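If you want the building blocks of each chain, they are given just below.
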Amino acid sequence: MALTLVFLGRLEDLAGAGSREVALVPSLAAVIAGLEPELAEALRGPRIRYAVNGTLVQGEAPLADGDEIAFLPPVSGG
Amino acid sequence: MALTLVFLGRLEDLAGAGSREVALVPSLAAVIAGLEPELAEALRGPRIRYAVNGTLVQGEAPLADGDEIAFLPPVSGG
Amino acid sequence: MSGDALLLTEPFDPAEALRRFTVDLPQAGGIVSFLGQVREGGGVEALELSHYAPLTLPAMQELAGRVRERWSLDGLLVIHRSGVMVPGEPIVLVAAAARHRRDAFAAADYAMDHLKSESWFWKREKVAGEWRWIEPRTQDIEDLARWA
Amino acid sequence: MSGDALLLTEPFDPAEALRRFTVDLPQAGGIVSFLGQVREGGGVEALELSHYAPLTLPAMQELAGRVRERWSLDGLLVIHRSGVMVPGEPIVLVAAAARHRRDAFAAADYAMDHLKSESWFWKREKVAGEWRWIEPRTQDIEDLARWA
C-alpha cells in the first residue's frame, strides 16, 4: 500500500531526489505532514500545485494505493 | 545626344518595351511630350515617380546626354 | 491540417524540421518561425529542462489546438526539447504557416508567449560547475497580458 | 553585426540560408524568420517580379539599416527574389536574431511590412497563360500604419 511522490524543479533538491515512495495515507495534507519539516513547508507554499495521476487537483483529493502525486512549483521563465 | 527611358511595371506594356532611346531634350516634360499620347498621359499620372540616373526626382530635373530616366508606377502589394 | 506538437529528449535540426514543414505547405503564402536556442555567454555551461510527462506534452498539444482555433492557419509546428543542452543548441521551434502574413506572425508570437509562461518545464542552468534553478520571470507575465 | 540584404535572380534554399545565418549567432537567444513563397492555388501558374537595379537593392539595404537601428539585434538577414517564380518557390526570407524574443518578432514583422509596401518591385502573375500586373493593396498601407 504505497504512493509515489514526484518533486519537480527546485523541490527535487529539497526532497533529495526526483521521486520517492511513501506509505498510503488518505489525503494530500497527510502526505505532506509525513515529510521532513522543511520540505513540508515548501510543499504548502501558495504557488505549489498538485497533480494526482497526471490530473491537476485543487485543495484536497482522495488517495488510493499506487497513486502518483506530483508537486509542481511555478514553471521557469524564458 | 540621347536619353534612355526605362518603363517599369505596367508602363512597360504601354510603352511596348522595358526601355527605349530618345533624342536628348532639356526637360522631363519635354521627354514626355515627345511620346505617344496614351503613354504620355500615363506617365503624367499623379502616382508615377521619376528617377534620373538612379536618383528619385520631384517635378523637373535638368537632363544631359546619356541620362537614364526611369518611370516608376506604384509598387505591387504583397 | 499539417503540423504537430513534439516533445523531444534528443537534439534536433531546426532547419531540417522547417524544411519538412514547408515542403508540405505550397498553399501557404507565409511561414513564420521562432527558434529559441541556449544562449552562449554569461558563463552558462549548460541548460537542463525537466518536464513531467503526464502534463507537459498534453498541455503543448492543447496550446497548439488553441492557436489553430484562434487563427486561420495552413499548418502549425511546435517542437520543444527536454534534457540537458549546451550553448547554441536549439530549445524550441515554433512555425506557423498561413495564407496571410499577419496570421502567421500573430500565431507564432502567441504560441511562444504561452509556451514560455505556461508550459510544464522547469529549467536550471550550470554556471561555474554549479546548477541553479531558473525562477519565473515578470516579463513573461507581461507578454501574456498582450493577448488578454 | 551579422546579416545582409540580398537581391537574387535565381532560386534559393531558405532552410539552408537560415541554417547559415543561425550558426554564426550562438549569442542570440531567439531567431524569428518569415518565409514568403508563391502560393499554390487560384490558378496562378507563375509570378514575375521585376526590379530597377539602381533603386531596389539600395532601398533594401537602407531598410535593413533602419531595422537594425530600431531594435537591438544580433543579426538581420533580408533575401528577396527577382525574376520568374513558380508556385511553392521562395520569394522572400527575413530573419532577425536577438537576445530578446520580442525584439526579434517586432524587427521581422516591421521589415516585412516595409518590404512589401515600399520595395521597388513590380509583380505580375500568369493565369491561364495570360500575364497580369498586380496593383498596390490597401492592406499593405494598413500594415504600415501600425508602426507610425
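Before reading on, note that the structure itself is shown above.
Residues numbered from 1 in each chain as written. Chains lettered and ligands numbered in written order. Predicted model: local features only at pLDDT ≥ 70, side-chain atom pairs only at ≥ 80, totals over all residues. Heavy atoms only, no water.

**Here's the deal with the overall build of chain C**
Link 1 in the chain: The number of helices and strands found in chain C is four helices and eight strands.
Link 2 in the chain: In sequence order, the secondary structure elements of chain C are arranged as β-α-β-β-α-β-β-β-α-β-β-α.
Link 3 in the chain: For chain C, the C-alpha radius of gyration of 16 Å lies close to 15 Å, the compact-globule estimate for 148 residues.
Link 4 in the chain: Based on the C-alpha atoms only, the size of chain C along its principal axes is roughly 50 × 35 × 30 Å.
Link 5 in the chain: Counting across all 148 residues of chain C, residues that qualify as buried make up 53%.
Link 6 in the chain: Partitioning the contacts of chain C with sequence separation of at least 6, the portion at a separation of at least 24 is 78%. (Helix = DSSP H or I, 4+ residues; strand = E, 2+ residues; numbered from the N terminus. Rg over C-alpha atoms; globule rule 2.2 N^0.38 Å. Buried < 20%, exposed > 50% of the residue type's maximum accessible area, 1.4 Å probe, protein only. Contact = heavy atoms within 4.5 Å.)

**What about the pairing of strand β5 (residues 68-72) of chain A?**
Residue and element names in this part refer to chain A.
Link 1 in the chain: Most of β5 sits out of view: four of its five residues are buried.
Link 2 in the chain: Both strand β3 (residues 49-52) and β5 contribute to a ladder of four bridges, which runs antiparallel. By the bridge assignment, Tyr50 is partnered in β5 with Phe71. (Pairing = 2+ DSSP bridges.)

**Brief notes about the packing of aromatic side chains**
We describe a pair of aromatic rings using the distance from one ring centre to the other and the angle between the two ring planes.
Link 1 in the chain: By the definition in use, this model includes 10 aromatic pairs over all chains.
Link 2 in the chain: Judged by centre distance (5.7 Å) and plane angle (10°), the rings of Phe7 of chain B and Phe71 of chain B are stacked. You can see Phe7 of chain B sitting in strand β1 (residues 2-7) and its partner Phe71 of chain B sitting in strand β5 (residues 68-72), a full 64 residues away along the chain. Across this residue pair, the class does not change: Phe7 of chain B and Phe71 of chain B are buried.
Link 3 in the chain: Here Trp120 of chain C and Trp122 of chain C contribute two aromatic rings whose centre-to-centre distance is 6.0 Å and whose plane-to-plane angle is 40°, an arrangement assigned as tilted. (Phe/Tyr/Trp six-rings, centres within 6.5 Å; stacked < 30°, edge-to-face > 60°.)

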